[in-house]
Amino acid sequence: MAQQVPLDFLGDLRRTHTCGDLRPAHEGQRVVLMGWVYRRRDLGGVIFIHLRDRNGVTQIVFRAEGDAALHAKAEMLRSEYVIAVEGPVEARSAETVNANIPTGEVEVVAEKVWLLNTSETPPFPMEEHVDVGEDMRLKYRYVDLRRPHMQRNIMLRSRVSLSVREELYRQGFLEIETPFMCKSTPEGARDFLVPSRTQPGNFYALPQSPQIFKQLLMVSGYDKYFQIVRCFRDEDLRADRQYEFTQIDLEMSFPQEEQIFETIEPLLERVCETAGHNVKGPFPRMTYAEAMQGYGIDKPDLRLPRFWPVEDLFPPGAGLTRQGLPLVAIHIPKTGQLSRKERDELKLYGGERGLAVYDDPKRLERDFPEAMAQVRQRAGVAEEDLLLLAGWRGEPKGHRPEETVFQACGQLRLFAGQKYNDRHKLLDPEDFRFLWVLDFPMFEWDEEENRWMAAHHPFTSPKDEDIDKLEGDPARCRARSYDIVLNGVELGSGSIRIHRQDVQSRVFTAIGLSREEAQQKFGYLLDALTYGAPPHGGIALGLDRLVMILAGESSIREVIPFPKTAKGTDLMSDAPSAANERQLRELGIQLRRPPQA
C-alpha cells in the first residue's frame, strides 16, 4: 500500500513548461512543472528528483537549508508519485551536467511542491531496458505506457497519423467516416457479430474494412476519399495481427494503377521522414509471377538476393528434382564456411517442407562441372557465399505445383538468411526496401470448400484481357491488384475495383455464389453499380504494421496502446467477460455449451 500522506489540490495552478522544455536560455525564469517522480536521490542535505512527463525529464533540487517543511515533504516522495513544483531555473555546474538528457544543463530549485497523488510501488521498473514479461506489462498497461520506449512508440504513431492526414489533404483527398455497424458478409475472415436489441435474431457486423462503403462513396461522386479507420477481424492472432486494427484507407475515381502508386509513394516518403528515415521513390515493381519465381513468396524481402530456377542447366535425367518441377539455386552472401551441423539444419528444414536439399556444391561440381559453373554465374555466387540447390522429392501438389516448390524454397531462403544474418547484417532494420507486387491471381483454390475463392476480395477487377477466363480458366485469371511490401512485410493491399454490374455478377458466379446469394449479400452494391458508377480503385495500408517497422519493433503490440494477448484477451480489463441474464434476455439470446472438442 502507498504510504498515507496528505494530498494537495491542484486548484488554479497551471504548469508553465513540460519536463522536456527547459534549456540554458530559461535560466533565472520561475517555472511550474508537473509530472511523475522518476528517480530520487537523498543526499541528506539535498534531495534530487527526476521529474518525468511524456516530453522528457527535468532534475528538481530540494535543499535542506531553505524551507524545512518543504524538505520534509520532499523526503516523502517515492517512485511514480504525481507532483507539481515551482521554482527558478538554475544552470548546473560543468561537472554536474547530464549530457544524456536534453534538459541536462539546467535544474529547477524547488521553492514550492504540491503532492497531487501517491502511487503503489510499480509492478515493474520504469527504466528503459528492463525486461518484463508481456502478461505483466499488459495487465498493468497504464503503467507500462509510461515507460520511455512505449511513450516514444505511441508518440511516433501520432506523428505518423498526422503526416498521413497532411499529405492526403495536400493531394486533395476528403476524410469521410463510414459505419461501424454493418451487414455481415462472411467471405474470408470471420466477422465480429453485434446482436440487435430492437430486431431480435438479427445481427450487425463490425467492419473487416470499409470496402463497400468507400466504393459507394465513389459512386456518390466524392472522387478522393480517405480515413484512418478501425477494422475488426475474428481471426487467430500473432505478432502482426490483432482482432482490432487500424488502417489508412483510401479510394480514388478514374485511376490507373500507376496513379495509386504515385499517391502512396509520396505518402510513405513523408511518413518515413517523420520517423527519421530517408526513403525516395519510385519504388520497384514486380509481378506476382516474378515474385514467386525469384523469392517464393508474394511479399519478398529485397535485402536478401533472389533465388534462381536452374533445372534447364542440368542434363535430362539428372535426378535432382521431380520431373517437370523446378530445381532452385539459393545463395546467401558472405556466410563463410558452415559446419556440418549447420548444413544438416538447413537440409532438415528443407526436408520438412518437401525439398531435397543439396548442400555440397563441390560434390555436385564433380558430377556436373559445366552445369554448376553456369549455376554460379546465373545466381551471382561468390566463393564466400552459401550455395544450396533445392528440388522437389515428392508428388506435385495443388493446382499450381510449381508454386508449391517455389514457396518451400522461399521459406528455406528466409530461414538461412535470418539464421546467418549476424555474419554480414544483410537484414539491416534501417535498410528500407519498398516494393510493389502486381498482377496477383484473381482466385485461389479452397480445399475445404472445394471451390475457387477470391484471392483479394470479390470486388477486385480482373485484368481486361483475362475477363473471358472467369468461367473457363479461373486458375490463369489475373487480378488488377497490388500490394506494397516493406522488408518482407505486407504493408498494404489494394486493387482497381469492378465498376460494372455485369462483370461483378460474373465474378460472384466464378466463386460459387448463386444470383440469389449475391443479391442477398451484396444487392445494394449491385444496384449502386447501375447508377453511373465510375471506374475506381484504392488501397488500405496497415498503420500498426507501418509504425511497428518505423519504431524497430517486432510486434504490433508494441505500438498499440491497449492490445489483446495472443489468446485475444485484455488482461487489464478482463475482457471478454460474460453477459448477465438481463442483457441476454433483452437481446433474445440463450446460451448453450459449445460442443466438446
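These remarks concern the structure in this document. (Residues numbered from 1 in each chain as written. Predicted model: local features only at pLDDT ≥ 70, side-chain atom pairs only at ≥ 80, totals over all residues. Heavy atoms only, no water.)

In this section: the overall build of the protein. Helices and strands together make up the secondary structure of the protein, namely 16 helices and 22 strands. Overall size of the protein, expressed as C-alpha extent along the three principal axes, is 95 × 70 × 55 Å. When each of the 597 residues of the protein is scored for burial, the buried share is 49%. Contacts in the protein between residues at least 24 apart in sequence constitute 68% of all its contacts with a sequence separation of at least 6. Carbon and sulfur atoms form 49% of the exposed surface of the protein, whose accessible area is close to 30,200 Å². For the protein, the centre of its 78 positive side-chain charges and the centre of its 92 negative side-chain charges are spaced 2 Å apart. (Helix = DSSP H or I, 4+ residues; strand = E, 2+ residues; numbered from the N terminus. Buried < 20%, exposed > 50% of the residue type's maximum accessible area, 1.4 Å probe, protein only. Contact = heavy atoms within 4.5 Å. Areas by Shrake-Rupley, 256 points an atom, 1.4 Å probe, with all protein chains shown as cover. Lys, Arg positive; Asp, Glu negative; His and termini not counted. Charge placed at Lys NZ, Arg CZ, Asp CG, Glu CD.)

The sheet built from eight strands is open, its strands ordered S7-S10-S11-S22-S21-S20-S17-S12 with mixed pairing. With partners counted over all chains shown, the strands left at the sheet margins are strand S7 (174-175) and strand S12 (285-287), one partner each. Pairing between strand S10 (residues 224-232) and strand S11 (residues 244-253): nine bridges, direction antiparallel. Its bridge partner being in S11, valine 229 is matched across the sheet by glutamine 247. The sheet strands contacting helix H6 (residues 257-274) are S11, S12, strand S17 (434-438), strand S20 (481-486), strand S21 (489-496) and strand S22 (536-542), and the helix crosses S22 at an angle near 25°. (Pairing = 2+ DSSP bridges. Axes fitted to C-alpha atoms, helices over the stretch in contact; angles between N-to-C directions.)

Quick look at the pattern of salt bridges now. Tallied over the entire structure, the rule returns 48 salt bridges. Where glutamate 90 meets arginine 63, a salt bridge forms, and the shortest distance between an N and an O atom there is 3.6 Å. With glutamate 90 in strand S4 (residues 82-91) and arginine 63 in strand S3 (residues 56-63), this residue pair connects regions lying 27 residues apart in the sequence. Classification of glutamate 90 as partly exposed rests on a relative accessible area of 30%. When its relative accessible area of 30% is taken as the criterion, arginine 63 is described as partly exposed. What you see here is one network of salt bridges that share partners, running through Arg137, Arg141, Asp144, Arg147 and Glu558. (Salt bridge = Lys/Arg side-chain N within 4 Å of Asp/Glu carboxyl O.)

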